[in-house]
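What follows is each chain in one-letter form.
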Amino acid sequence: MSGTSAALKPPADAVRPVRHPEAPAPGELLGAHYEHCFGCGEGQRHGLHLQARAGDGLSVTAEFTVQAAHQGAPGLAHGGILTTALDETLGSLNWLLRVIAVTGRLETDFVRPVPVDTVLHLDAEITAVHGRKIYSRATGRIGGPDGPVAVRAEALFIEVKVDHFIENGRPAEIEAAMADPDQVRRARAFEVNP
Ligand SMILES: CCCCCCCCCCCCCC(=O)SCCNC(=O)CCNC(=O)[C@H](O)C(C)(C)COP(=O)(O)OP(=O)(O)OC[C@H]1O[C@@H](n2cnc3c(N)ncnc32)[C@H](O)[C@@H]1OP(=O)(O)O
């Protein structure tokens, strides 16, 4: 059984956005949006280290290998970890629009158990935009990129400004991020581009 709540259905006047002209080329690795991010940060030793790649149009792909530290039941991935992998993949779609957006709502279907050591092959796409609201969906497959679906999700991301993080984040981490020229350049570039 599957289905999503009304909040995840784009309104009739939602539009299909266009890929930003300066979006990473198809096949390009997107890199981490923040080095301490649990989903993608290379400096986060407990994290998923998920690497997303730009796809065609408004899509991305990513791979994530389930580790022993990600178990819920014996030998099986915890559902929250799988949802995190979906959330991170969906969040990386922001690179294609060059906007900063945060997860507002995320609904996950768990279709098959995912054993430890399995590679989860993820793909995600933006389906519509309405004002600051970005609608998207993602799928995670096992046994290969065309293997059976193990998890799928639909999401609503909300566009925000850099100030969202400056006003809400813990000062120590915000100050460190603002002192990192690469981090600031990445965030500001997203904010000023149409
Ligand atoms: C310097 C450091 C830079 C770092 C950059 C890296 C960034 C990368 C980050 C990536 C991280 C990875 C990913 C992560 O982990 S993101 C982390 C998890 N997410 C969050 O922490 C978000 C927490 N929520 C909020 O901050 C606010 O609620 C937001 C900002 C989302 C909206 O509050 P805001 O006051 O701004 O806007 P609004 O309330 O007027 O709503 C606007 C519109 O949206 C609609 N709506 C809102 N919520 C929902 C909902 N749940 N379901 C359905 N609809 C919802 C709402 O009805 C309205 O629609 P309409 O009336 O217009 O039709």
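Criteria and cut-off values
- Residues numbered from 1 in each chain as written.
- Predicted model: local features only at pLDDT ≥ 70, side-chain atom pairs only at ≥ 80, totals over all residues.
- Heavy atoms only, no water.
- Pairing = 2+ DSSP bridges.
- Helix = DSSP H or I, 4+ residues; strand = E, 2+ residues; numbered from the N terminus.
- Axes fitted to C-alpha atoms, helices over the stretch in contact; angles between N-to-C directions.
- Domains from an automatic or database assignment.
- Contact = heavy atoms within 4.5 Å.
- Buried area = accessible area lost by both parts, 1.4 Å probe.
- Polar contact = N/O pair within 3.5 Å; in protein donor to acceptor, adjacent residues only side chain to side chain.
- 1 Å grid on protein atoms, 1.4 Å probe; cavity = no way out; pocket = protein on both sides within 12 Å on 5 of 7 lines; lining within 4 Å.
- Points joined across faces, edges and corners; volume = space filled by probe spheres on them.
- Buried < 20%, exposed > 50% of the residue type's maximum accessible area, 1.4 Å probe, protein only.
- Nonpolar A, V, L, I, M, F, W, Y, C, P; charged D, E, K, R; others polar.

Take the sheet that holds strand S4 (residues 119-130) next. Across the sheet, which stays open at both edges, the six strands sit in the order S1-S2-S4-S5-S6-S3 with antiparallel pairing between neighbours. Each end of this open sheet is capped by a strand with a single partner; those strands are strand S1 (51-54) and strand S3 (101-110). Averaged over all pairs of adjacent strands, the angle between their axes in this sheet comes to 20 degrees, without regard to strand direction. Relative to strand S6 (residues 149-159), S3 runs antiparallel, the two being bridged by nine bridges. Counterpart to phenylalanine 110 in the pairing with S6 is valine 151.

Attention now goes to the domain arrangement of the protein. Domain parsing of the protein yields domain 1 (15-160) and domain 2 (162-194). Computed over C-alpha atoms only, the centres of domain 1 and domain 2 are separated by 21 Å. Each partner contributes residues to the interface: domain 1 has 13 residues there, and domain 2 has 11 residues. Between domain 1 and domain 2, a total of about 1,100 Å² is buried, with carbon and sulfur atoms accounting for 59% of that surface. The largest per-residue losses of area from domain 1 upon contact with domain 2 belong to Tyr34, Arg98 and Ile100, which jointly make up 47% of the total buried on that side. Where domain 1 meets domain 2, there are zero residue pairs in polar contact (both at pLDDT 80 or more).

There is about 860 Å³ of room inside the largest pocket. In terms of lining residues, the largest pocket is bounded by 33 residues, among which His33, Tyr34, Ile100, Phe165 and Gln183 are the most central. Going through the elements one at a time, helix H1 (79-91), helix H2 (94-97), S3, helix H3 (163-168), helix H4 (171-178) and helix H5 (181-192) are the ones with two or more residues in the lining of the largest pocket. Residue contributions to the lining of the largest pocket peak at six residues, all from H5. Each of domain 1 (15-160) and domain 2 (162-194) gives at least three residues to the lining of the largest pocket. Looking at the second largest pocket, the residues that line it are Leu29, Gln51, Arg53, Thr61, Ala62, Glu63, His121, Leu122, Asp123 and Pro145.

By the criterion of burial, strand S5 (residues 133-142) is predominantly enclosed, with seven of the 10 residues buried. Pairing of S4 with S5 involves 10 bridges; the strand directions are antiparallel. Along S5, the bridge assignment pairs alanine 124 with alanine 138. Between the antiparallel neighbours S4 and S5 lie two residues, among them glycine 131 with a positive phi of about 60 degrees.

Here the focus is empty space enclosed by the protein. It is the rolling of a water-molecule-sized probe over the atoms that shows where space remains empty. Following the criterion strictly, the structure yields two cavities of 30 Å³ or more and no others. Computed from the structure, the largest cavity encloses a volume of approximately 70 Å³. Lining of the largest cavity is provided by Leu30, Gly31, Ala32, His33, Cys40, Leu50, Gln51, Ala52, Glu88, Ser92 and Trp95. Here the residues of the lining of the largest cavity sort into six nonpolar, four polar and one charged. Quantified by volume, the second largest cavity comes out at close to 40 Å³.

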